[in-house]
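What the coordinates show
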Amino acid sequence: MLSDEILKEATADVVRFRLSQYPEEEMPHTFSKAFEKRMKKIIKRADHPVRHHIMRVAAILVITITVLFGALLAASPEVRAGTLDWIKFTSSGTIFYKNESTNTKEDLPAVEYRLPAVPEGYEEDGVMEGTYNRWHSYVRKDQKLLVLISCYSHPAGGIYLWTDNHEYHPGYKVNGVQAEIYTSPDGKRANYIIWQDPETEVLLIIQAFEEPETLVALAETVERIDK
C-alpha cells in the first residue's frame, strides 16, 4: 500500500521538478471568467500580490491532487499493473511507478546515471537531487527539455509521469532489457522511454521531444557511474 511517507516524498519530488520546468517570467494566458473570479477572492483574502504566480500555484495543486488520487486507486486491479520490477498505477492522464521492495537507505546502490552525449542543440541545464530520485536535464534553444530520471528502489520512493493522451508502446528493449515508450500524438508534450537497470533495480526514464528510435538510442548509451 502507498503510505503517507511515500506520498509525501513522491509529491515533493514531483513538485520540485515540475516547478523547475516553468520559466521565471510571467506566462501569457487567458483565463476563464469563473477562474478569474475565484482567484480574485483568493488574492483578496491573502492580501498578497500573487497574480503573476497563478500558473505555478495551479501546477502544484494539479500535481499534488493527481498523485494523491493515484494513491487512492492503488488497491484497484483495473489501474494497477506490474511493469519491469516496479508496480505501475494508472489513472486518467497519469502514471505512478513505485517499487515494493523492503530496501533501506543503506541498501541503495551508490551509483548515478549519465548520458555521455545528447542530440545536437541541447545544452546541460542542471541536476536536481530528490530523496530517492535524480533528474539530469538538458535544454534546447526553444526551451524543450531532455531529462534523464533515475528512481532508486525504496518503499518510500516513486515517480509520477504526465501521460495525458499519450500512446503506449510496449515491446521495446534497451540493451536487451524490457522497455516501455509513451508518445504524444500531437507533439505538444514530451515522449518517455522507461526501463530498469537489472543489476541495481533503478528505474530509468528519458523524457524528451524525440522520436522512439532516438529515445532507444539515447537509452542504450546511458552510463552507470559509481559515486
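See the structure printed just above.
Okay, so let's go over this structure. (Residues numbered from 1 in each chain as written. Predicted model: local features only at pLDDT ≥ 70, side-chain atom pairs only at ≥ 80, totals over all residues. Heavy atoms only, no water.)

Points about the overall build of the protein chain
A count of helical and extended segments in the protein chain gives four helices and 13 strands. Within the protein chain, buried positions represent 44% of all 227 residues. If you take every contact in the protein chain between residues at least 6 apart in sequence, the share linking residues at least 24 apart comes to 58%. (Helix = DSSP H or I, 4+ residues; strand = E, 2+ residues; numbered from the N terminus. Buried < 20%, exposed > 50% of the residue type's maximum accessible area, 1.4 Å probe, protein only. Contact = heavy atoms within 4.5 Å.)

Looking at the packing of aromatic side chains
Throughout the structure, instances matching the rule amount to two aromatic pairs. Here phenylalanine 89 and phenylalanine 96 contribute two aromatic rings whose centre-to-centre distance is 6.5 Å and whose plane-to-plane angle is 40 degrees, an arrangement assigned as tilted. Comparing phenylalanine 89 with phenylalanine 96, the two get one shared label, buried. Ring centres of tyrosine 168 and tyrosine 182 lie 5.1 Å apart, and the angle between their planes is 35 degrees; this geometry places the pair in the tilted category. With tyrosine 168 in strand 9 (residues 167-174) and tyrosine 182 in strand 10 (residues 177-183), this pair connects stretches of sequence that are 14 residues apart. (Phe/Tyr/Trp six-rings, centres within 6.5 Å; stacked < 30°, edge-to-face > 60°.)

Let's talk about the side chain of serine 101
Tracing the sequence through the fold places serine 101 in the loop between strand 3 (94-98) and strand 4 (111-114). Among the polar contacts listed, one links the side chain of serine 101 to the backbone nitrogen of asparagine 103, at a separation of 3.4 Å. Side chain to side chain, serine 101 and serine 153 meet in a polar contact 3.3 Å long. Excluding residues that lie within four positions of it along the chain, serine 101 makes contacts with Ser153, His154 and Pro155. (Polar contact = N/O pair within 3.5 Å; in protein donor to acceptor, adjacent residues only side chain to side chain.)

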